[in-house]
Amino acid sequence: MLVIGRASFLARSFVDAHGAGGIRHAAWADVARPETFDGIGCVVNFALDPRYMRESYDPALDCDRTLAEAIGQAQRAGRMPADAHVVMISTRKVYGPADGQPLVETRVPAPQDAYGRNKLVTEQLLQDRFGPKLTILRLSNVFGFEDLPGRRTFLGLLLRSLREEGVIRYDVSPFTVKDFLPAEAFAAALVKVVRARPGGLFNVGSGVPLEAGWLAMWILEGYGRGSLSITDPSIRDAFTMDVDKFVARFGPVAGRDDIRTACLAIGRRLGG
C-alpha cells in the first residue's frame with residue numbers, strides 16, 4: 001500500500017494505527033518517481049495544495065488528478081497491477097449546508113465554498129478514471145493533538161491559544177452542533193477500508209450531533225485549567241453526518257464517549 005503525504009497529520013495517524021508493515025509512506029515529490037509505484041496494490045493520498053482549498057478549480061493544483069495520471073503511467077509501464085485500488089480522501093464540504101438534516105451519501109451535492117466545489121470536480125474525475133476501483137471517503141471534522149507549528153486548523157488554533165494564553169477562543173456559538181471524529185477512530189476506520197477496498201462512496205464521521213462547546217470543556221478538563229471565551233455567539237455551519245452505510249459495512253466508528261476520551265487525552269498531553 002502506498003500512503004502519500006509525509007507532512008500530513010492524518011497520514012501519520014493512519015500509518016501509526018496500521019503499522020509500518022506493508023506500507024510505503026511517500027512524500028508528494030515521490031509521485032514524480034516511477035519506482036514509487038512498483039508493486040503497489042492500493043494508494044491513499046493525503047497530499048493537498050493549500051491553494052486548492054481556496055481558489056477556483058485548477059488542474060495544476062489538484063494533487064489527486066496528478067496522482068491519477070502517475071498511476072496510469074505506472075500501470076501502462078507494468079509497474080503496478082491494473083486492478084490497483086485508490087482511496088480518495090474527500091470532505092463533507094461537497095454536500096454544502098446541512099439544513100438541519102444529517103448529510104447522507106444520496107444527497108445531491110451543493111458545495112458552497114471553493115474546497116467543496118473542487119473536491120466534487122476531483123471526485124467525478126477519479127470516478128471516470130478508476131470506476132469500481134475507487135473508494136471515496138467524505139470526512140467530517142477529524143481532530144487530534146494538533147499543537148503543531150503552523151497548523152491553522154480548528155484544533156490547532158484552539159490548543160495554541162490554550163497553551164500560550166490559558167484561554168480557548170470560539171468564534172462560533174458553543175451550542176453549534178457538529179460531527180467530530182477523533183483521529184484515532186478515523187485511522188482505524190481507514191484501516192478497514194484499505195483492507196476491504198469496497199469501492200463507492202462512504203461518509204466517515206462519528207454520526208454524533210455534538211455541541212461544539214463540549215469539545216472545549218473536555219479538553220479543559222484534561223488540561224486541568226483554563227477558560228472558554230466566546231468571541232462570536234452566532235451558530236454557523238452546523239452539520240451531522242449520516243454514517244449508516246459505513247457502519248453497516250464496517251461497524252461503529254466512534255461514539256460520544258470516544259470523543260470525550262480523545263479530548264481528555266489531548267488536554268492531558270498539552271498540559272504534560
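This report concerns the structure included in the present document. Per chain, the residues get numbers from 1 upward, laid out in the order the sequence is written. It should be noted that, the model being predicted, local features are given only for residues of pLDDT at least 70 and side-chain atom pairs only at 80 or more, the latter also being counted only at that level, while totals for whole chains, interfaces and linings use all residues. Processing note: side-chain calculations cover all non-hydrogen atoms of the structure and skip hydrogens and water entirely.

When a carboxyl oxygen of Asp or Glu is within 4 Å of a side-chain nitrogen of Lys or Arg, the pair counts as a salt bridge. Enumeration according to the criterion identifies 19 salt bridges in this entry. R33 serves as the salt-bridge partner of E35, at 3.1 Å between the closest nitrogen and oxygen. Only protein chains enter the accessibility calculation, which uses a 1.4 Å probe. A residue is then buried if its area is under 20% of the maximum for its type, exposed if over 50%, and partly exposed in between. Judged by relative accessible area, which is 37%, E35 ranks as partly exposed. Its relative accessible area of 42% is what places R33 among the partly exposed residues. Across the pair R169 and E165 runs a salt bridge whose closest N-O atoms are separated by 2.6 Å. Exposure remark for E165: the relative accessible area of 45% places this residue in the partly exposed category.

The next point concerns the nonpolar core. F14, F46, V87, L137, F186 and L190 are the most contacted members of the largest nonpolar core, which has 31 residues in total. Elements with a contribution of two residues or more to this core: helix 1 (9–18), strand 3 (42–45), strand 4 (85–91), strand 5 (134–139), helix 5 (183–196), strand 10 (200–204) and helix 7 (244–250). Labels follow the DSSP assignment, with helices taken as runs of H or I lasting at least four residues and strands as runs of E lasting at least two, numbered in each case from the N terminus. Here the element with the most residues in this core is helix 5; it accounts for 8 residues. Discounting chain neighbours no more than four positions away, the residues touching F46 are V3, I4, S8, L10, A11, F14, I89, F186 and L190. Buried residues of nine kinds, namely Ala, Val, Leu, Ile, Met, Phe, Trp, Tyr and Cys, make up a nonpolar core once their side-chain atoms join them within 4.5 Å. Listed in part, the 24 residues of the second largest apolar core include Y170, A212, L215 and L220. Whether two residues touch is decided by their heavy atoms; if any such pair falls within 4.5 Å, the residues are in contact.

Moving on to the pairing of strand 4. In terms of residue burial, strand 4 counts as a mostly covered element, since 7 of its 7 residues are buried. Neither face of strand 4 is left uncovered, since the one carrying H85, V87, I89 and T91 and the one carrying V86, M88 and S90 both have all their residues buried. The pairing of strand 3 with strand 4 spans 4 bridges and is parallel. Along strand 4, the bridge assignment pairs N45 with M88. Handedness of the β-α-β unit built from strand 3, helix 2 (residues 63–76) and strand 4 comes out right-handed. Paired strands are those between which DSSP finds at least two bridges. With 6 bridges connecting them, strand 4 and strand 5 associate as parallel partners. Among the inter-strand pairings, V87 is bridged to a residue of strand 5, identified as T135. Since strand 4 and strand 5 lie parallel, the crossover through helix 3 (residues 114–130) that links them has a hand, and here it is right-handed. Orient the strands so they point away from the viewer, and a crossover whose first-strand-to-second-strand path over the helix runs clockwise is right-handed.

In this description, a pair of aromatic rings is defined by centroid distance and the angle of the planes. Think of it this way: a Phe, Tyr or Trp ring, Trp meaning its six-membered ring, pairs with another when their centres are within 6.5 Å, and the plane angle makes it stacked under 30 degrees, edge-to-face over 60, tilted otherwise. Taken as a whole and assessed by the stated rule, the structure comprises 9 aromatic pairs. Residues F46 and F186 carry aromatic rings whose centres are separated by 6.5 Å and whose planes lie at 90° to one another, so their mutual orientation is edge-to-face. Highlighted residues: F46 in the loop between strand 3 and helix 2 and F186 in helix 5, separated in sequence by 140 residues. The burial state of F46 is the same as that of F186; both residues are buried. These aromatic residues form a ring-pair network of at least three members: F143, F154, Y170 and F180. We call a charge positioned over a ring when the NZ of a Lys or the CZ of an Arg lies within 6 Å of the ring centre and within 35 degrees of the ring normal. Sitting over the face of the ring of Y95, R138 holds its NZ or CZ atom 4.7 Å from the ring centroid. Over the face of the ring belonging to Y223 we find R225, whose NZ or CZ atom lies 4.2 Å from the ring centre.

Look at helix 2: 20 Å from first C-alpha to last across 14 residues, which is about the 20 Å you get at 1.5 Å a residue. Among all positions of helix 2, only C63, D64, L67, A68, A70, I71, G72, A74 and Q75 are buried. Turning to helix 2, the residues buried within the fold contact strand 1 (2–4), strand 3, strand 4 and helix 3. Here a polar contact is recorded for every N or O atom pair within 3.5 Å, except that within protein the pair must consist of a potential hydrogen donor and a potential acceptor, and residues adjacent in sequence are included only if both atoms are side-chain atoms. N-capping of helix 2 is provided by D62, with a side-chain oxygen placed 3.1 Å from the backbone N of D64. Of the residues flanking the end of helix 2, it is G78, one or two places downstream, whose phi is positive at about 75°. Expected span of a helix: the number of residues minus one, times 1.5 Å.

Turning our eyes to something else, we now look at the sheet that holds strand 1. Within the open sheet, the 6 strands sit side by side as 2-1-3-4-5-10. Their pairing is parallel. Each end of this open sheet is capped by a strand with a single partner; those strands are strand 2 (24–26) and strand 10. Neighbour-to-neighbour, the strand axes of this sheet turn through a mean angle of 20°, independent of strand direction. As paired elements, strand 1 and strand 3 share 3 bridges and run parallel to each other. Across the sheet, residue V3 finds its bridge partner in strand 3, namely V44. The sheet strands contacting helix 2 are strand 1, strand 3 and strand 4, and the helix crosses strand 3 at an angle near 160°. Axis angles are defined between N-to-C directions and span 0 to 180 degrees, where every axis is a line fitted to C-alpha atoms and, for a helix, only to the segment in contact.

Taken N-terminus to C-terminus, the directions of helix 1 and helix 5 make an angle of 65°; their axes are 8 Å apart at the nearest point. Here helix 1 lies roughly perpendicular to helix 5, going by the angle between them. Note that helix 1 runs across helix 5; the crossing there is right-handed. Contacts between helix 1 and helix 5 pair F9, L10, S13, F14, A17 and H18 from the former with A183, F186, A187, L190, V191 and V194 from the latter. Lys, Arg, Asp and Glu make up the charged group, whereas Ala, Val, Leu, Ile, Met, Phe, Trp, Tyr, Cys and Pro make up the nonpolar group; the residues left over, Gly among them, are polar. A breakdown of the residues in the contact of helix 1 with helix 5 according to their chemical character gives 10 nonpolar, 2 polar and no charged. Relative orientations are named as follows: roughly parallel for angles under 35 degrees, roughly antiparallel for angles over 145 degrees, roughly perpendicular for angles from 65 to 115 degrees, and oblique for any other angle. In a left-handed crossing the near helix is turned counterclockwise from the far helix by less than a right angle, and in a right-handed crossing that turn is clockwise.

On their own, these measurements won't tell you what the molecule is for.
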